[in-house]
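The lines below spell out each chain.
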Amino acid sequence: IMDSVESIVKEGKESVVLAGLNKKGNWVAIKVYRTLACDYKSMWKYLVGDPRIKGLRKDRWSVVSLWCKKEFKNLARAKEYGVDCPQPISFRENVLVMEFIGEKGIPAPRLIDTDIENPDKIYKSVLLNLKKIVKAGLVHGDFSAYNILYYKKPWIIDFSHAMPIHHHVFALDFLKKDITNINKFFSKLGVDVEDDEKIYKECLGIIGKRD
């Protein structure tokens, strides 16, 4: 798939995101999950509660490899339901390749780092994406302005923590937290946000109607 790796986009505790070119000369994002400097025991707790994960072993390499596979599947599922998120392309072991959000190798900024001119419009778009994620049967689990890029519109990223809303024991707790995080951020920008409980009840209604 890859022709070259060009630059570092972001370094985090869990992974390093790189910008590269594929065989067709198109920009792609390459997420490399750390294997040594990662809290794999905490990651294991997320995986063990996910009924989609089979044959889970509690060793570092197995956990990280499944973590990568999990994010690929979560992105694919979210994209299927119209969520504005990167298109997953491929994965192997601890490396995930996906659509690059930005232009000519320059990554889009995070929403937290953006001077937002139309916060009301952006809020509505972010809230719609949250509901689409729920319709896909998922809870993002880390939904905040730190995990939203802005390139012409909001793009939701980092689905590694996402979990099935119907089966994970902590899913609804994380959903409430996701809603609160977004509302707090946009409230500080002067947006007249919807009530947390109202959004939560709408999401529960979506779950009941999901195909």
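See the structure above.
Each chain carries its own residue numbering, running from 1 in the written order of its sequence. Thresholds applied to this predicted model are a pLDDT of at least 70 for local features of residues and 80 or more for the giving and counting of side-chain atom pairs; totals over whole chains, interfaces and linings are not thresholded and use all residues. Just so you know, side-chain values use all the structure's heavy atoms and leave hydrogens and water out.

Draft legend 1. Fine view of unusual backbone geometry. Positioned with a positive phi, Glu 93 is a non-glycine residue whose angle comes to about 55°. Numbering goes from the N terminus for both helices and strands, where a helix is a DSSP run of H or I of at least four residues and a strand is a run of E of at least two. Assignment of secondary structure puts Glu 93 in the loop between strand 4 (88-92) and strand 5 (95-99). Positive phi, close to 60°, is recorded for Asp 158, a residue that is not glycine. Summarising the element assignment, Asp 158 is placed in the loop between strand 10 (154-156) and strand 11 (163-164).

Draft legend 2. Broad picture of the nonpolar core. Counting 46 residues, the largest nonpolar core has Leu 111, Phe 159, Leu 175 and Phe 186 as the members making the most contacts within it. Elements that contribute at least two residues to this core include exactly strand 2 (15-22), strand 3 (27-33), helix 2 (60-80), strand 5, helix 3 (119-135), strand 8 (138-139), helix 4 (171-188) and helix 5 (196-209). Between two residues, a contact is recorded if the distance between any of their heavy atoms is within 4.5 Å. When near neighbours in sequence (up to four residues on either side) are disregarded, Phe 159 contacts Glu 71, Asn 74, Leu 75, Ala 78, Val 83, Cys 85, Ile 133 and His 140. Nonpolar cores are built from buried Ala, Val, Leu, Ile, Met, Phe, Trp, Tyr and Cys residues. Side-chain atoms within 4.5 Å join them into one set. For the exposure calls, accessible area comes from a 1.4 Å probe over protein chains only, and a residue counts as buried if that area is under 20% of its type's maximum, exposed if over 50%, partly exposed in between.

Draft legend 3. A look at the sheet that holds strand 1 (residues 2-11). Taken together, the 5 strands give an open sheet; going across it, the order is 1-2-3-5-4, and neighbouring strands pair in antiparallel fashion. Looking at the sheet topology across the chains shown, the edges are occupied by strand 1 and strand 4. The sheet shows a mean angle of 25° between the axes of neighbouring strands, direction not considered. Strand direction decides the pairing type here: strand 1 and strand 2, joined by 7 bridges, are antiparallel. When the bridges of strand 2 are listed, Ser 4 appears paired with Leu 21. Helix 2 contacts strand 3, strand 4 and strand 5 of the sheet and is inclined by roughly 165° relative to strand 4. Strand pairing requires that DSSP identify at least two bridges connecting the strands. Think of each axis as a best-fit line through the C-alpha atoms, taken over the contacting stretch in the case of a helix, with angles from 0 to 180 degrees between the N-to-C directions.

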